[in-house]
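Letter by letter, the chains look like this.
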Amino acid sequence: MTKSFLAFTILTALMAITAACQAATPSFAPTGTGDTSRRTITVTGEGVAVGKPDIARLNLGVDILAPNLADAMRQNNTRMTAVIAKLKSLGVADKDIQTTSLSVSVERNFERGGQGAVTGYRVSNTVIVVVRDLSKISDMLEQATQAGANNVFGINFGIDNTTKLESDARAKAVSDAQTRADDIAKLNNL
């Protein structure tokens, strides 16, 4: 082994040991006064607030397969219009109905090999509906499917206005951080 390779190996090992020691040592930041003899410890707090859901989001869709694209689009539009009209008649506001996707795909028969013969066109349209009266969910689903919706992709429950919960969580986080800081101060006889 040459001396330069041995020196490089020792230097590399010292650097690794130094890095490991620095990683294991708590990091202290000087205070803003320029006095580097004072050190700070940063604490974080955790706060959680939960609430009862007051809204639901229904993910409803209409899926149509037809021999040609124009028919598939027309049928899909007719059925989705009927679904939306039914939801509005049940008290859902315009702002609570939002189209989330519209897709068109080509259906092919690959039994004959090659690229496959076109057998039809599938048009899928999906809306999210915000339900503000949770007691109406079952009725809305039933009537929406009777009006033409043939896909229900899920129901998600949530809270419409989370401002109070967020405020409560912040207050709990600050209180938790203060408790942790007090505990650290006591452990250090401060």
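Calculation notes
- Residues numbered from 1 in each chain as written.
- Predicted model: local features only at pLDDT ≥ 70, side-chain atom pairs only at ≥ 80, totals over all residues.
- Heavy atoms only, no water.
- Helix = DSSP H or I, 4+ residues; strand = E, 2+ residues; numbered from the N terminus.
- Buried < 20%, exposed > 50% of the residue type's maximum accessible area, 1.4 Å probe, protein only.
- Contact = heavy atoms within 4.5 Å.
- Areas by Shrake-Rupley, 256 points an atom, 1.4 Å probe, with all protein chains shown as cover.
- Polar contact = N/O pair within 3.5 Å; in protein donor to acceptor, adjacent residues only side chain to side chain.
- pLDDT = per-residue confidence, 0-100.
- Pairing = 2+ DSSP bridges.

(A) Fine view of the overall build of the protein. Summing up its helical and strand segments, the protein has four helices and six strands in all. Order of helices (α) and strands (β) in the protein, N terminus to C terminus: α-β-β-β-α-β-β-α-β-α. For the protein, the proportion of its 190 residues judged to be buried stands at 21%. At a minimum sequence separation of 6, the contacts of the protein that also span at least 24 residues come to 72%. Carbon and sulfur atoms provide 56% of the accessible area of the protein, an area that totals close to 13100 Å².

(B) The arrangement of the side chain of Ser124 in detail. Note on placement: Ser124 falls in strand 5 (residues 117-131). Within the structure, the side chain of Ser124 is placed 2.4 Å from the side chain of Asp63, a separation counted as a polar contact. Setting aside anything within four residues of it in sequence, one finds Ser124 in contact with Val62, Asp63, Asn76, Ser101, Leu102 and Ser103.

(C) Spatial organisation of helix 3 (residues 137-147). Within the span of helix 3, buried status applies to Ile137, Met140, Leu141, Gln143 and Ala144. Where helix 3 is buried, its residues contact strand 3 (55-66), helix 2 (69-89), strand 5 and strand 6 (151-158). Two residues or fewer after helix 3 comes Gly148, characterised by a positive phi angle close to 135°.

(D) Region of interest: the confidence of the model for the protein. With 79% of its residues at a pLDDT of 70 or more, the protein shows a mean pLDDT of 82. Within the protein, helix 1 (residues 3-24) has the poorest average pLDDT of any element, 37, and helix 2 the best, 97. Counted against residues more than four places away or in other chains, residues 1-30, with its pLDDT under 50, gives 10 contacts.

(E) Region of interest: the environment of Met80. Position of Met80 relative to the elements: it lies in helix 2. Considered as a pair, Met80 and Thr126 are 46 residues apart in the sequence and their alpha carbons are 8.7 Å apart. Among all residues touching Met80, those that are not within four sequence positions of it are Leu60, Gly61, Val62, Asn125, Thr126 and Val127.

(F) Examining the pairing of strand 3 more closely. Burial runs high along strand 3: nine of the 12 residues are buried. Relative to strand 6, strand 3 runs antiparallel, the two being bridged by seven bridges. Its bridge partner being in strand 6, Leu60 is matched across the sheet by Val152. Pairing of strand 3 with strand 5, which is carried by 11 bridges, proceeds in the antiparallel orientation. Each bridged residue has a counterpart across the sheet, and for Ala56 the counterpart in strand 5 is Val131.

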